[in-house]
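Chain residues, written in single-letter form:
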Amino acid sequence: MIHQDNGVFPAVCPLDCPDTCSLVLHKKDGAITKVTGNPEHPITGGVICNKVRNMTERVYHTERVLYPLRRVGAKGEGKFERISWDEAVSEITSKYKNLIAEYGSESILPYSFYGNMGILSVDGMDRRFFHRLASSQLQQGICNSAGSTGWKYTMGFGGGVSPEELVHTKLFIVWGGNIVSTNMHQLALIEKGRKEGAKLVVIDVHRNRTGQRADWFIPLYPGTDSALALGMMHILFERGLVNEQFMQEFTVGHEELREHVKTYTPERVARITGVPADDIVKLALMYGETSPAYIHIGNGLQHHDNGGMAVRTICCLPALTGQWLIPGGGAFKSNGAYGSMNGDALERPDLRPNPDARTINMNQIGEALLSLDPPIRSLFVYCANPAVVAPDTGKVEQGLLREDLFTVVHDLFITDTAKYADIVLPATSSFENTDIYTSYWHHYVQLQEPVIPARGESKSNVEMFRLLAAAMGFEENTFRDSEEDLIAQALDYADNPYLHGVSLDALKEQRSVKLNMTPKAHFLKSLSTPSGKIELFSSRMAEAGLPALPTYIPLIEGYDGEQRPAKGAEYPLMFISPPNHSFLNSTFGNVEKLQALEKEPLLQIHPEDAKVRGIENGDRIVVWNDRGRYLVNASVMDKMLPGTVVSQGLWWGQGGRNTRANMLTPDRLADMGGGAVFFSTVVEVKRSENK
């Protein structure tokens, strides 16, 4: 493909999105001129989002980094000079050898996430390099770790309802997720169901694009999701809408739960959540009396102090009603476990001489850079942009400003993080790489081969870490593995029966290969919980110091309907910063077409909250707390309950540090899984004196 100048070629969307769309790239005179969907893919069916439709704007962006760069200005200034790859590799590895000799290998920390979802881009040669280097380790808890841990405490296996089953569903509950913007093909399946009489209920703190399309939108106070689920359980047990036979056969703890939820009356839950008691009863009856009923658990609700417990509680609901036995019934948090690959073969943790090396949670990177003892003395950032995306970015910025911190960034652009780098290395786009992609929603593994040559002198993560390994003197053959070697090793995994039949040869022939989903028919009889059943009561949680039964635990920083801020409270508003429609976290934040669609950062504020502060629509306002300040324009609307303000999107490179929403968010960790708590944030708002 790479050598053909004209034609139509297969590709895969690399973004951190459940849909993992199959794409078609149109080439003319050696350049990609158009990105469209592949109509032959069974799930994504030729439909793609506007972000990916504009992917060429990113690949051929005039500001793309095409050569290695060395900093010549002050940190954060973004001034660099061009150097060669030989110079860059020599400078990095010489610095690393000196740091290891003087301070030890754990003075070096890799920082990465899933800016590119390719398996080789984030879980391959990079992991081998840092294991062999014996660096500090990064706990990647910024996205879904709290909710995934809560799900696994309850269900064991990290999989749920398959997309193909949704044709049967009669009730869709989207809980804490904006699937119009983040899972568009699931929305298409829901819309098909609605034409056949199915209903869509959306539960969220914000009437986002998905909430606006719902048959019934239910707003609630941030962080009160588990209370609402417990209130539903109260009604289900009280009205006899539970499946006793299912609970007897497939669960443990249902009798304890039956007693426990008696205290979560509709009246009490209404006070906590802000959802009227009659609506709580109506929702529970709708759920208990409709079958198949499906719950989509979004990412948003887990980004709270109690986020793991929220997911754990919601995913108990299908076990009470026995929906797991009915096609189209059950719940979904992530289906990523179905496609799990041979991580040991791919990442080679056996190369690490110090398996107990210190681990640093990526949510606390700012604090780690400022306070960790012994200090981090080098940061290697790839597939991530922590200066914008990490919590409490004021601390992150202070840490990145350290003159004694040697920072390397591998990226396509001079991001806000790259401005602080000592060395910037040019990264390939996904369309210039060989890689494989799985989905954490549908069940297809897809192969990406290069469609265009690497632009400028850019290199993939695999190529770059091969170079660095050679320069460090790592002699193991594993560092000479090709991309095809890595793919074959990842797929060679007998422990995962869902991978049976997925091979490199099959991917080369078909491009998209479905997992072997046969074992799913018996998954309830082989759950990986200690009891082998759905654990409504979890002894493991009790051993970890958590409530063994689903329990509502108020936020550390925030309010519910019972515990409203005291009169005169310094920070009386809850601040939520969900993704916007045209960016994916900070990706596409510098693409002009998409910037024009989003226009500018806004703060949505309820008319009641705006009135008492003298704020009118369009006013320039400042949002602040003890962590920082955020300057935006006011958008006065009633899309959330009073007391909650919402600012969508992560913006970078515009207006400096005071236009970063994460200046305000805390770097505390969630109740489980080391997850982030972006949405457990309190602020105050006022009109800005600066227009």
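Everything here concerns the structure above.
Notes on the structure follow. (Residues numbered from 1 in each chain as written. Predicted model: local features only at pLDDT ≥ 70, side-chain atom pairs only at ≥ 80, totals over all residues. Heavy atoms only, no water.)

Regarding its fold elements, the protein presents 26 helices and 27 strands. For the protein, whose C-alpha radius of gyration is 25 Å, the value lies close to the compact-globule estimate of 26 Å for 691 residues. The principal-axis extent of the C-alpha atoms belonging to the protein is close to 70 × 65 × 50 Å. When the 691 residues of the protein are sorted by exposure, 62% land in the buried category. Here the contacts in the protein between residues at least 6 apart in sequence split such that 75% fall between residues at least 24 apart. Approximately 25200 Å² of the protein is accessible, and the part contributed by carbon and sulfur atoms is 48%. Placing the 68 positive and 81 negative side-chain charges of the protein at their respective mean positions leaves the two points 4 Å apart. (Helix = DSSP H or I, 4+ residues; strand = E, 2+ residues; numbered from the N terminus. Rg over C-alpha atoms; globule rule 2.2 N^0.38 Å. Buried < 20%, exposed > 50% of the residue type's maximum accessible area, 1.4 Å probe, protein only. Contact = heavy atoms within 4.5 Å. Areas by Shrake-Rupley, 256 points an atom, 1.4 Å probe, with all protein chains shown as cover. Lys, Arg positive; Asp, Glu negative; His and termini not counted. Charge placed at Lys NZ, Arg CZ, Asp CG, Glu CD.)

Strand order in this open sheet of 3 strands is 1-2-3, and the pairing throughout is antiparallel. The sheet is open, and its two borders are formed by strand 1 (7-12) and strand 3 (31-37), each paired with just one other strand. Between one strand axis and the next, the sheet turns by 30° as a mean value, whatever way the strands run. Examined bridge by bridge, strand 2 (residues 22-28) and strand 3 share 6 bridges and lie antiparallel to one another. Note on strand 3: the bridge partner recorded for Leu23 is Gly37. (Pairing = 2+ DSSP bridges. Axes fitted to C-alpha atoms, helices over the stretch in contact; angles between N-to-C directions.)

Using the criterion set out here, one finds 2 cavities of 30 Å³ or more in the structure. Taken as a whole, the largest cavity holds about 40 Å³ of empty space. What lines the largest cavity is simply Pro222, Gly223, Thr224, Tyr552, Pro554, Leu555, Gly558, Tyr559, Asp560 and Gln563. Looking at the lining of the largest cavity, its residues break down into 5 nonpolar, 4 polar and 1 charged. One number sums up the size of the second largest cavity: a volume of about 30 Å³. What lines the second largest cavity is Asn335, Gly339, Thr438, Ser439, His442, His443, Tyr444, Val445 and Leu515. Taken together, the residues of the lining of the second largest cavity sort by class into 3 nonpolar, 6 polar and no charged. (1 Å grid on protein atoms, 1.4 Å probe; cavity = no way out; pocket = protein on both sides within 12 Å on 5 of 7 lines; lining within 4 Å. Points joined across faces, edges and corners; volume = space filled by probe spheres on them. Nonpolar A, V, L, I, M, F, W, Y, C, P; charged D, E, K, R; others polar.)

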